[in-house]
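Letter by letter, the chains look like this.
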Amino acid sequence: MKKLRVPNTYVIIFTVIAICALSTWFVPGGNPQTWQVLSALYEGFSQQAGIIAFVLIIGGAFWLVNSTKAVDEGIMAFISKVRKLERYSLVRKAGVGNIVIVLVMLLFGVFGAVFGMSEETIAFVAVVIPLARSLGYDEIVGVCMVYVAAHVGFAGAMLNPFTIGIAQDMSGLPLFSGIEYRVFCWVVLMAITIASVLMYASRIRKKADGPDLAGQTEDMPRSADQMPKGRAWICIGLLTVVTLLFAVFYASDCSIKLGQSVYDAPWLLWVVEVLFVGFSILSLRSSVRMYILNLLMFTIVYLVVGVMGYGWYLPEICALFMALGIASGFCAGYSADNISKEFIAGAKDIFSAALVIGFAAGIIVILENGQVIDTMLASLASALEGAGRAGALGSMYGIQTFINLFIPSASAKAAVTMPIMAPFSDMIGVSRQATVLAFQFGDGFTNMITPCSGVLMAVLSVARIPYEKWFKWIWKFMIILIVTGFLLLLPTLWLDLPGF
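Anyway, here's the lowdown on the structure attached to this text. (Residues numbered from 1 in each chain as written. Predicted model: local features only at pLDDT ≥ 70, side-chain atom pairs only at ≥ 80, totals over all residues. Heavy atoms only, no water.)

So, the packing of aromatic side chains
Under the defined criterion, the tally for this structure stands at 13 aromatic pairs. Grouping aromatic residues by their ring pairs yields a cluster made of Y200, W470, W473 and F477. (Phe/Tyr/Trp six-rings, centres within 6.5 Å; stacked < 30°, edge-to-face > 60°.)

The structure is reproduced here in structure tokens:
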């Protein structure tokens, strides 16, 4: 007997489009759709062209950065320094293993929250598992330190362009608005995750006192940075001039928006400029890869300043990450042809997600052209009318969580659900920002348990953990996260939160 197999994402989307077209023949007031099932794909691509370009450019830029192995070297340098702390008695009492777990998880939690680290965790799992073993832990702890931390950070993200950026754009919200409460959610979720992992780690540690880590530092794999620094010094000079000119012309226009408050900050760009130049020189004295890591860090800094102080949107963010990718390739010694090839490889790697966005938008095209979306929203609102706002918000959260079990792609779910959920939230008196947060939680948590997630299955394969063993550990933790997510949604209904 054949096992039940989940269809390809594109098959699911086309099936939904066909069902939506069929509904236009039966829903009152519908405008029957026939051959439009096929033309809706084109119209969907046309409507979402900006988001598709955004995803492809971001994917290409991050691929360029990752190809230089800069992030790998940064992680290894961090691990090496932390492991030397065991010589201090206070650290030994706290447990160097516990400190390493906390710091590594916070690091990857930030990566997931800021730039949506997901697939990249596959490579880092292979690096961190030997560290977990040397600390006396098992492979599950190693996976939790990287994969789980990044994906909980992904779920509670505050700047993730692949979830918040796309969902807020499709909901008609300012990019990365409501960041204050999202930071609080991230802190709560990471605290619960770290505490859960530490409790598990303490139970399965091989020896009470742990092995002697000081003598094992050299066992960790290291990356040798053989890149000449000449190009990087040129890059520092050029970027210093560019950022300096930007500060000269635009520093006085900086107004930071925090909730309903606006603060003039003409000094902010100058502070960032001084830090950028200083850290660039210091990082390059270490290695070219550390300088590229520095570029990534300040790209995020300028992203935050640009979005909050200047109202940057997709075009400016795309330009920022394009510059990061080109600068990283240039400093790594790539030729123009190699930079182009790596960028295309990154865009190709994420092209399936971009393709899904265009296809999924065809669902909304059919519903809108078929003139049934208003009727469907009214029916949905009527069905949840007795549930109250909390019940309705919880239902949206449950729907997103359920869909994620079968379609783990965040961009695909955003394209399918947000154009429907956002106007529905208006009808039931729930803020669109809360709806985006429900999407965010619903998208992120179950990525860590669904066998439909290619990243999860790849991570388990690298770690040599059977899915059954992983499921046995993760399901209880998953319930805790899902319940916590619902509890974090409730304050958006009753408190006056910035951006909500």
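A look at helix α6 (residues 96-115)
End to end, α6 covers 28 Å across 20 residues, agreeing with the expected 28 Å (1.5 Å per residue, within 8%). Positive phi appears at G116, one or two residues downstream of α6, with a value of about 65 degrees. (Helix = DSSP H or I, 4+ residues; strand = E, 2+ residues; numbered from the N terminus. Expected span 1.5 Å × (residues − 1).)

A closer look at the packing of helix α3 (residues 49-67) against helix α14 (residues 314-331)
Closest axis-to-axis distance for the α3/α14 pair is 8 Å, and the angle between their directions is 20 degrees. Considered as vectors, α3 and α14 are oriented roughly parallel to each other. In this structure, the crossing between α3 and α14 has a hand that is left-handed. Along the contact surface, α3 presents G50, I51, F54, I57, I58, A61, F62, L64 and V65, while α14 presents L314, I317, C318, F321, M322, L324, G325, I326, S328 and G329. In the contact of α3 with α14, the residues fall into 15 nonpolar, 4 polar and no charged. (Axes fitted to C-alpha atoms, helices over the stretch in contact; angles between N-to-C directions. Parallel < 35°, antiparallel > 145°, perpendicular 65-115°, else oblique. Left-handed = near helix turned anticlockwise from the far one by under 90°. Contact = heavy atoms within 4.5 Å. Nonpolar A, V, L, I, M, F, W, Y, C, P; charged D, E, K, R; others polar.)

Some thoughts on the side chain of S23
As for its placement among the helices and strands, S23 is situated in helix α1 (residues 9-23). Engagement of the side chain of S23 in a polar contact is seen with the backbone oxygen of C20, the distance being 2.5 Å. (Polar contact = N/O pair within 3.5 Å; in protein donor to acceptor, adjacent residues only side chain to side chain.)

Notes on unusual backbone geometry
A positive phi angle, near 65 degrees, is found at K69, a position not held by glycine. Among the structural elements, K69 can be located in the loop between α3 and α4 (70-83). Residue class for K69 comes out partly exposed when judged on its relative accessible area of 41%. (Buried < 20%, exposed > 50% of the residue type's maximum accessible area, 1.4 Å probe, protein only.)

Things to note about the packing of helix α10 (residues 179-204) against helix α20 (residues 432-444)
Contact geometry for α10 and α20: axes closest at 12 Å, N-to-C directions at 25 degrees. One finds that α10 runs roughly parallel with respect to α20. Here α10 and α20 pass one another in a crossing that is right-handed. Two secondary-structure elements touch here, α10 through Y181, R182, C185 and L189 and α20 through Q433, V436, L437, Q440 and F441. Counted by class, the contact of α10 with α20 contains 6 nonpolar, 2 polar and 1 charged residues.

Focus: a nonpolar patch on the surface
There is a patch of nonpolar side chains on the surface, built from V241, L244, L245, V248, F249, Y250 and W270 and spanning about 690 Å² of accessible area. Broken down by element, the residue count for the nonpolar patch peaks at 6 residues, all from helix α11 (residues 230-250). Taking the relative accessible area as the measure of exposure, W270 reaches 36% and is therefore partly exposed. (Patch = residues over 30% accessible without salt bridge, like charges linked within 9 Å, V, L, I, M, F, W, Y side chains within 5 Å. Areas by Shrake-Rupley, 256 points an atom, 1.4 Å probe, with all protein chains shown as cover. Salt bridge = Lys/Arg side-chain N within 4 Å of Asp/Glu carboxyl O.)

Quick word on the nonpolar core
Generally speaking, nonpolar side chains in soluble globular proteins are found buried as a group. Judged by nonpolar contacts, the single largest core of 156 residues is most densely connected at F108, V143, M145, Y147, I317, F441 and W470. Beyond its immediate sequence surroundings of up to four residues, W470 is in contact with I140, V143, C144, Y147, V148, M448, L456, L460 and I465. (Core = buried A, V, L, I, M, F, W, Y, C linked by side-chain atoms within 4.5 Å.)

Examining the side chain of S280
Relative to the helices and strands, S280 resides in helix α12 (residues 268-286). Looking at S280, its side chain comes within polar contact range of the main-chain oxygen of F276, at 2.6 Å. Of the polar contacts made by the side chain of S280, one reaches the side chain of N294; its length is 3.1 Å.

Details of α14
With 18 residues, α14 ought to run about 26 Å at 1.5 Å a step, and its terminal C-alpha atoms sit 26 Å apart, in line with that. Listing the buried residues of α14 in full gives L314, I317, C318, L320, F321, L324, G325, A327, S328, G329 and C331. Packing partners of the buried residues in α14 comprise α3, α9 (161-170), α11, α13 (288-310) and α15 (336-349). G333 sits one or two positions beyond α14 and adopts a positive phi of about 90 degrees.

Re the pattern of salt bridges
Tallied over the full model, the rule gives 1 salt bridge. Here R432 makes a salt bridge to D426, at a shortest N to O gap of 2.7 Å. With a relative accessible area of 45%, D426 lands in the partly exposed category.

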